[in-house]
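The residues making up each chain are set out below.
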Amino acid sequence: MSNELPAKRRKAGGFFDDLSIHLYPAALSKIRQGIFERQIPQNGGQLVSSLPKSGQILVLIEDNAIEPARLQQIVRDLSQKHPNPEATYLGMSWLSKCLETGQQCLFDEFELKVSEPKPSESNLGKMTKKDEHPKESYVDRNRHKFVCAQSSSDEATSTHPNKLITDELEKLAGAYKNSNDQWRAFGYQKAITSIKNYPKAITNRDEAAALPNVGKKMADKIIEIIEQGSLQKVSEVCNNERMQVLALFNRVWGAGPKTAEQWFLKGHRTLEDLQNDDKLTAHQKVGLRLFHDLDERMQREECTEIYAHVQATALEINPNLEVVACGSYRRGKPTCGDLDILITHPKLDDDLEISSIFNGLLNRLRAHNFLTDDLSIMSEGRQRKYLGVCKLLKSGAKHRRLDIIVVPVEERATALMYFTGSAHFNRSMRLLAIKMGMSLSEHALVTDVVRVNKEKANTGTVIPTPTEASVFEALQLPYRAPNERNH
Ligand code: DCT
Ligand code: MG
């Protein structure tokens, strides 16, 4: 799992979970704007201050006090100025309805579609059947632009001709992330990805500025790096006590940018200072005690050994169990932050049996002294989930993070997709599902989902997805093997 528990980033379990929201204040009163700006993060959403050219975003526009024609004009202008296939434009009344009803309402009636310029009469006359796509929606036309529709290309990104540039920009992206400036970090990350995918060495400003997600200011920075070998802004931003302390505190497992900032404001500067803080959570205490082990990514070979131990132990319980190592390991990465293991079997459906396999496995692993610290043990719907720390039974072994889920067989494919990630790939797929009027989670792909009292009530129809390929198919995406999901 990532360094910070989602619960600490924003309020967990809110009905805006996983949504990045931009408020476009046209005609919105300051009072309502203030209310919305408080309520969105309180319910799990992330408020984004400027409109990104890419990435998933809900753009909310005041639709009460505005003429429909003017509203259309705003949407058209925004989508032309910031062309972003993953942006969804909604009337602000969607937000009011969500807050009123305490649930994430369907976008349907609130979606402000980007209207196409009307074809002139003469053009219409010339239109052939082939050119005409009256039923093809905005999503259909833009599906191929979603991250989840594209293959990630690791080979291209590990050794590329502009590595000096991306290394320098990555220092800034990291610093912004550590200091909770997520939006700036995101902007840099998008530019970095774009530069990594560019096959030639960048030689001039126009060439840089022509890349997707690279604006004029970013192009200036690129040229400074090319000409001077480094970027002045990196030392300005990174080489101060605050940023260096935040960078260190962000590496404590269980702490994220907000906790790091709180610790800094309390006057803590070193790991020793943290040890003397009596307000640490149980997770943070483990993170601090095992700092040096958990801070390090594992080599793939070590993951294979951990996986082999868990698999062998699980198969002792039932030889028909399917035990899959997911996460970055399944995506073929050479190093992994933790190991994410999914367990099911072809007939696993009974809740008691799910619990019995889950508890039986944990008890056995504990009896081996393989598990050293439990971080959390929970039920998510019918799935059981363990987050903890393990250590191989050999001298010199280090403590490593281990996540295990046991899932009923009908949730196998969606759980496998979720647990394999990457997180970015998952976000993109979930957003595409929403845009197609569905909802994708680790439990199921569902149509017409309704959320009641912040809880997802899967009253919609579950689309049968026995395999990962069927999930791609239902979303009309080309199948991507796990190693193509490293976005
Ligand atoms: N996941 C997600 N959204 C998140 C975090 C995780 O969808 N915010 C999913 C995707 C990957 C999977 O859970 C396991 O999470 P991690 O172990 O954090 O990610 P990883 O890709 O395995 O990377 P790492 O090598 O750091 O473990
Ligand atoms: Mg992982």
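Here we summarise the structure given alongside this text. (Residues numbered from 1 in each chain as written. Chains lettered and ligands numbered in written order. Predicted model: local features only at pLDDT ≥ 70, side-chain atom pairs only at ≥ 80, totals over all residues. Heavy atoms only, no water.)

## What to know about the coordination of the magnesium ion (ligand 2)
To keep things clear, this is the line we draw: Think of the donor list as every N, O and S atom within 2.8 Å of the metal, or within 3.2 Å for Na, K and Ca; water never makes the list, so a site can look incomplete. In this scheme, a residue with accessible area under 20% of its type's maximum is buried, one over 50% is exposed, and one in between is partly exposed, where area comes from a 1.4 Å probe on protein chains only.
The protein atoms donating to the magnesium ion (ligand 2) are Asp 338 (OD) and Asp 340 (OD), with metal-donor distances spanning 2.0 to 2.2 Å. Neither residue differs from the other here; Asp 338 and Asp 340 are each classed as buried.

## Comments concerning the pairing of strand S11 (residues 399-406)
Residues in a regular strand point their side chains to alternate faces of the sheet. Note the following rule: The way it works is that DSSP assigns letters per residue, a run of H or I at least four long becomes a helix, a run of E at least two long becomes a strand, and they are numbered from the N terminus. Here the rule is simple: two strands pair whenever DSSP picks up at least two bridges between them.
Among the 8 residues that make up S11, 8 are buried, leaving the element largely enclosed by the rest of the structure. Where burial is concerned, the two faces of S11 agree: the one with His 399, Arg 401, Asp 403 and Ile 405 and the one with Arg 400, Leu 402, Ile 404 and Val 406 are both buried. The sheet contact formed by strand S8 (residues 339-344) and S11 spans 5 bridges and is parallel. Within S11, the position partnered with Ile 343 by the bridge is Val 406. The sheet contact formed by strand S10 (residues 383-391) and S11 spans 8 bridges and is antiparallel. Its bridge partner lying in S11, Lys 391 is registered against His 399.

## What about the pairing of S8?
Burial of S8 is extensive: 6 of the 6 residues sit out of reach of the surface. A two-sided burial pattern is seen for S8, the buried positions comprising Leu 339, Ile 341 and Ile 343 on one face and Asp 340, Leu 342 and Thr 344 on the other. Bridge count for strand S6 (residues 322-325) against S8 is 4 bridges, and the pairing is antiparallel. Counted as the bridge partner of Glu 322 is Thr 344 from S8.

## Re the nonpolar core
We count it as follows: Put simply, buried Ala, Val, Leu, Ile, Met, Phe, Trp, Tyr and Cys residues joined by side-chain atoms within 4.5 Å make one nonpolar core. Residue contacts are defined here by distance: any two heavy atoms, one from each residue, within 4.5 Å place the two residues in contact.
In terms of nonpolar packing, the biggest core is built from 30 residues, with Leu 339, Ile 341, Ile 343, Phe 370, Leu 402 and Ile 404 touching the most fellow members. Those elements that provide at least two residues to this core are helix H18 (300-317), S6, S8, helix H20 (351-367), S10 and S11. If you tally residues by element for this core, the top one is H20, at 6 residues. Non-local contacts of Leu 402, meaning those with residues more than four positions away in its chain, are made with Ile 306, Val 310, Leu 339, Ile 341, Phe 370, Leu 371, Tyr 386, Leu 387, Gly 388 and Cys 390. Tyr 188, Tyr 198, Ile 225 and Leu 231 belong to the second-largest nonpolar core, a separate cluster that totals 25 residues.

## Overview of unusual backbone geometry
For the bond from Gly 421 to Ser 422, the omega torsion is 5°, close enough to zero to count as cis. Structurally, Ser 422 is set in the loop between helix H21 (412-420) and helix H22 (423-435). Notably, Asn 369 is not glycine yet its phi reads approximately 60°, a positive angle. Note that Asn 369 resides in the loop between H20 and strand S9 (371-380). Positive phi, close to 55°, is recorded for Gln 476, a residue that is not glycine.

## Side note on helix H11 (residues 216-228)
Threshold: By this rule, a helix spans an expected 1.5 Å times one less than how many residues it contains.
Over its 13 residues, H11 extends 18 Å from the first C-alpha to the last, a length consistent with the 18 Å expected when each residue adds 1.5 Å. In this structure, the buried side of H11 is in contact with helix H8 (163-178), helix H9 (182-196), helix H10 (205-209) and helix H12 (232-238). Gly 229, located one to two residues past H11, shows a positive phi value of around 80°.

## Considering the sheet that holds strand S3 (residues 57-61)
Defined as follows: Helix axes are fitted only over the stretch in contact, all axes being lines through C-alpha atoms; the angle between N-to-C directions runs from 0 to 180 degrees.
The 4 strands are arranged S2-S1-S3-S4 in an open sheet whose pairing can be described as parallel. Edge positions in the sheet fall to strand S2 (46-47) and strand S4 (87-91), since each has one partner strand and no second. Two elements, S3 and S4, share 5 bridges in a ladder whose sense is parallel. Opposite Val 59, over in S4, you have Tyr 89 as the bridge partner. Helix H2 (residues 30-42) contacts strand S1 (20-24) and S2 of the sheet and is inclined by roughly 175° relative to S1. Strands in contact with helix H3 (residues 68-81) are S1, S3 and S4; relative to S3, the strand with the most contacts, it is inclined by about 150°.

## Remarks on the sheet that holds S11
Two modes of strand pairing occur in sheets, parallel and antiparallel, and in both the strands are linked by backbone hydrogen bonds. Read across the open sheet, the 5 strands follow the order S6-S8-S11-S10-S9; overall the sheet is mixed. Looking at which strands have only one partner, the edges of the open sheet turn out to be S6 and S9. Taking each pair of neighbouring strands and ignoring which way they run, the sheet shows an average axis angle of 20°. Where H18 meets the sheet, it contacts S6, S8, S10 and S11, and its direction lies at approximately 25° from that of S8. In the packing of H20 onto the sheet, the strands contacted are S8, S9, S10 and S11, and the crossing angle to S10 comes to about 10°.

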